[in-house]
Amino acid sequence: MESGKLPFVSVVIPVRNEHKYIRACLESILRQDYPRDRHEVLLAVGPSEDDTEEIIREYEGKYEYIHMLANPRGTISCGLNIGIKAAKGEYIVRMDAHSKFAENYISKCVEYLLKTGVENVGGPMVAGGKGPFQKAVALAYHSPFALGGGRQHIKGYEGYSDTVFLGAFRKSTAEKVGLFDEALILNEDDDFNFRISEVGGRVFITSEIRSIYYPRDTYMGLIKQYFGYGFWKVAVIKKHHRPARLSHLVPMMFVLFLVFGGLFSCFNKRIRKCYAGVLGLYAALDAGASFKLKAEDTPDGLMLRFRLMLIHFLLHVSYGCGFIAGIFRFRRFQGEREKACERGQSVDKPV
């Protein structure tokens, strides 16, 4: 297709405190093979404590198609909506500051939107790491034992899915389903894709759309992230009145077992033996999942495998704790949300 006939694309990136990653992200966008006169880059920047804004201003000053937008509330969903509303493009390509993108990323997103006719396309979440801890987290992202084996985490998957990493869609599609729900701090993509399916739309994943996502690089950052995922997953489930999948419930059940099993095992020998047996089984499954990795996937050797075992445990416990907290917090979430919206108030933070 000739350059002048290509659809105009708006790249939208919500950003906040991304000093470590924003340069690499922007450099990968500058290398895109999609014509520069046929796309724009909109960075919705939340209040940052580092020099993220200064870095983006530097790029904005050099390249006329890069623009910084203010996102006062700082949440991902608000940033996405600010970008979508400001977008000139017929197509929206969502990107993430924690990622680097293949040179044909935008081109492939547009190609598959046109070729498949679906409402949202994207590639699998392929995680990478720069240090020993981040490398172990990246491996966990592709471990069915860690995250339940969702299609978006399968590197070579191609086909339909219930959700997708990042995603590209028509601006009209986003407007049709009501943009991103600003009441959700996390899991806004799950909710967005669910609403697409509610209106008869489809979501498609292809490994032709390639990027590398860099996960959290500290234990505390990872724990906070997955506590949040569990917490806000409950809000999405409550909003759509749908049952949780087993993969959502298992971490919660594991946490409850750890707490109550440990408590009751203090008073009963049989329970103590059962508790120890289940923990032993979990450790065996964890070790099996961690140690069966191919040698080329573990350049840091034995220590990486043991670190991965710990990360599996932390992912399960933090997600499970977040899910439990979400059950208590969001037992009246939809009713509170509707009343707040009627009053014109924000419900983007727990109260």
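Structural notes on the nonpolar core
Here is step 1: Within the largest apolar cluster, 74 residues are counted, with the highest numbers of intra-cluster contacts made by I13, L43, V93 and M95.
Here is step 2: Contacts of M95, omitting those with residues within four sequence positions, involve V11, V12, I13, P14, I29, F101, Y105, I106 and L166.
Here is step 3: Of all hydrophobic cores here, the second largest spans 13 residues; its members include L42, L80, A87 and A174.

Description of the pairing of strand β3 (residues 66-70)
The two faces of the sheet receive side chains in turn, since in a regular strand these alternate between them.
Here is step 1: Here strand β2 (residues 39-45) pairs with β3 via five bridges, running parallel. Paired with V41 across the two strands is I66, which belongs to β3.
Here is step 2: Remark: the β2/helix α2 (residues 52-62)/β3 crossover connection has right-handed handedness.

Topic: the state of the cysteines
Here is step 1: Scanning the model with the defined rule gives zero disulfides in all.
Here is step 2: With no disulfide partner, C274 has as its closest neighbouring cysteine sulfur the one in C266, 14 Å distant.
Here is step 3: A relative accessible area of 46% places C274 in the partly exposed class.
Here is step 4: Free cysteine C321: the closest other cysteine sulfur is in C266, separated by 18 Å.

Focus: the side chain of N120
Here is step 1: Structurally, N120 can be placed in strand β6 (residues 120-122).
Here is step 2: You can call N120 buried: its relative accessible area is 1%.
Here is step 3: A distance of 2.7 Å separates a polar atom in the side chain of N120 from a polar atom in the side chain of N193.
Here is step 4: In this structure, N120 is in contact with L113, V164, G167, A168, F169, F192, N193, I196, R202, V203 and F204, ignoring residues within four places of it in sequence.

Brief notes about the packing of helix α8 (residues 188-198) against helix α9 (residues 219-240)
Here is step 1: α9 packs onto α8 with a crossing angle of 20° between their chain directions and a minimal axis gap of 10 Å. One element, α8, and the other, α9, form an angle in the roughly parallel class. Every pair of crossing elements has a handedness; the one defined by α8 and α9 is right-handed. Seen from α8, the contacting residues are D190, D191, F194, R195 and E198; seen from α9, they are K233, V236, K239 and H240.
Here is step 2: Across the contact of α8 with α9, the residue classes break down as two nonpolar, one polar and six charged.

Scoring rules and cut-offs
Residues numbered from 1 in each chain as written. Predicted model: local features only at pLDDT ≥ 70, side-chain atom pairs only at ≥ 80, totals over all residues. Heavy atoms only, no water. Core = buried A, V, L, I, M, F, W, Y, C linked by side-chain atoms within 4.5 Å. Buried < 20%, exposed > 50% of the residue type's maximum accessible area, 1.4 Å probe, protein only. Contact = heavy atoms within 4.5 Å. Pairing = 2+ DSSP bridges. Helix = DSSP H or I, 4+ residues; strand = E, 2+ residues; numbered from the N terminus. Right-handed = clockwise from strand over helix to strand, strands pointing away. Disulfide = S-S within 2.5 Å. Polar contact = N/O pair within 3.5 Å; in protein donor to acceptor, adjacent residues only side chain to side chain. Axes fitted to C-alpha atoms, helices over the stretch in contact; angles between N-to-C directions. Parallel < 35°, antiparallel > 145°, perpendicular 65-115°, else oblique. Left-handed = near helix turned anticlockwise from the far one by under 90°. Nonpolar A, V, L, I, M, F, W, Y, C, P; charged D, E, K, R; others polar.

Purely spatial values, then, with no claim about function.
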